[in-house]
Amino acid sequence: MTVKAYAALLRGINVGGKKKVPMGELRTLLAGLGLGDVRTYLQSGNAVFTSDTGDEDALAARVGEAIEQHFGFPVDVLVRGGPYLKAVADACPFPAESLEGRQLHVTYFSEPVDAARLDGIDPAAFLPEEFRLGDRALYLYAPDGLGRSKLGEVLSRPALFKGVIATSRNWNTVAKLVEMTEMTEMTGSAGEPHHDR
């Protein structure tokens, strides 16, 4: 069996005191599911692990069920393999290498999103902010950061991506998850655990 590296992306945890999921408990929980080399990154809900299961949706469902049973509340979970995460990073239409991490974000989707969903947004009205659709992902360039982004505010309206799980990460996290899954794939270990910040 081939063991592959994956990242689990949890949506909306540890924000404003709601849905508290300590990363230490999450690591223990994932290891208890038989997942290997479990590491977490930051408090926003990013875990890297290995599994011989090739079904990302099945892994996401298992992780989501375990979290709800353990913590008592539902959490949306996306699981994506290392090659996908790298492909999304490599396909970035903006000059990531010359931008600060806070200026560039990727929203990962649970399924492909039809561009028609975004027809109501006039790109010219938000310049210099811009967005582009990718493979089950959306790239957002926000020069002043997400907190001050008018375009980010519009793109985060629940009705826009109704029925789709969507969770966003800044470019620093996007790049770190690529690095962690690559290291895990190569060595079977993502290095030292990244402790909560």
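To keep things clear, this report deals only with the structure shown in the data block.

1. Side note on the packing of aromatic side chains
Inference 1: A complete count under the given rule lists 4 aromatic pairs for this structure.
Inference 2: Note on phenylalanine 109 and phenylalanine 161: the rings are 4.7 Å apart at their centroids and 45 degrees apart in plane angle, and the pair reads as tilted. In this pair, phenylalanine 109 is assigned in strand β5 (residues 104-109) and phenylalanine 161 in the loop between α4 (150-155) and β8 (166-170), connecting sequence segments 52 residues apart. Both residues of the pair, phenylalanine 109 and phenylalanine 161, belong to the buried class.
Inference 3: Directly above the aromatic system of tyrosine 84 lies the positively charged group of arginine 80, at a separation of 5.6 Å from the ring centroid.
Inference 4: Directly above the aromatic system of tyrosine 84 lies the positively charged group of arginine 136, at a separation of 4.5 Å from the ring centroid.

2. Focus: the sheet that holds strand β2 (residues 36-41)
Inference 1: Strand order across the open sheet formed by 4 strands is β2-β3-β1-β4, with antiparallel pairing between neighbours. Two strands bound the open sheet, and with one partner strand each, they are β2 and β4 (77-81). Looking at each pair of strands side by side, their axes are set apart by 20 degrees on average, direction ignored.
Inference 2: In this structure, strand β1 (residues 4-10) lies alongside β4, joined through 5 bridges in antiparallel fashion. Pairing of leucine 10 across the sheet is with valine 77, part of β4.
Inference 3: In the packing of helix α1 (residues 23-32) onto the sheet, contacts are made with β1, β2 and β3 (46-51), and the angle to β2 comes to roughly 160 degrees.
Inference 4: Sitting on the sheet, helix α3 (residues 82-90) touches β1 and β4, and the angle it makes with β4 is about 85 degrees.

3. Looking at the nonpolar core
Inference 1: In this structure, Leu85, Val88, Val106, Tyr108 and Trp171 are the most contacted members of the largest nonpolar core, which totals 24 residues.
Inference 2: At the level of secondary structure, the elements contributing two or more residues to this core comprise β1, α3, β5, β7 (137-141) and α5 (171-187).
Inference 3: For this core, the element with the highest residue contribution is α5, accounting for 5 residues.
Inference 4: Residues in contact with valine 106, not counting those within four places in the same chain, are Val88, Ala137, Leu138, Tyr139, Thr167, Ser168, Arg169, Trp171 and Val174.
Inference 5: Grouped together as the second largest cluster of nonpolar side chains are 23 residues, Leu29, Val38, Ile67 and Phe73 included.

4. Quick look at the environment of glycine 64
Inference 1: As for its placement among the helices and strands, glycine 64 is situated in helix α2 (residues 56-71).
Inference 2: Judged by its relative accessible area of 14%, glycine 64 is buried.
Inference 3: Sequence separation between glycine 64 and alanine 8 is 56 residues; the distance between their C-alpha atoms is 9.8 Å.
Inference 4: Look past the residues within four positions of glycine 64 in its chain and what remains in contact with it is Val75 and Val77.

5. Here's the deal with the pairing of β7
Moving residue by residue along a regular strand, the side chains alternate between the two faces of the sheet.
Inference 1: Burial of β7 is extensive: 5 of the 5 residues sit out of reach of the surface.
Inference 2: Here β5 runs beside β7; their pairing, made up of 5 bridges, is antiparallel. Residue leucine 104 lies in a different strand from β7, and its bridge partner there is tyrosine 141.
Inference 3: Sheet analysis places strand β6 (residues 130-134) next to β7, joined by 5 bridges and oriented antiparallel. Within β7, the position partnered with phenylalanine 131 by the bridge is leucine 140.
Inference 4: Taking the residues that link successive antiparallel strands as the turn, the β6-β7 hairpin has 2 residues, and the phi of arginine 136 there is positive, at about 50 degrees.

What counts and how
Residues numbered from 1 in each chain as written. Predicted model: local features only at pLDDT ≥ 70, side-chain atom pairs only at ≥ 80, totals over all residues. Heavy atoms only, no water. Phe/Tyr/Trp six-rings, centres within 6.5 Å; stacked < 30°, edge-to-face > 60°. Helix = DSSP H or I, 4+ residues; strand = E, 2+ residues; numbered from the N terminus. Buried < 20%, exposed > 50% of the residue type's maximum accessible area, 1.4 Å probe, protein only. Lys NZ or Arg CZ within 6 Å of the ring centre and 35° of its normal. Pairing = 2+ DSSP bridges. Axes fitted to C-alpha atoms, helices over the stretch in contact; angles between N-to-C directions. Contact = heavy atoms within 4.5 Å. Core = buried A, V, L, I, M, F, W, Y, C linked by side-chain atoms within 4.5 Å.

It is worth stressing that arrangement in space is one thing and function is another; only the former is reported here.
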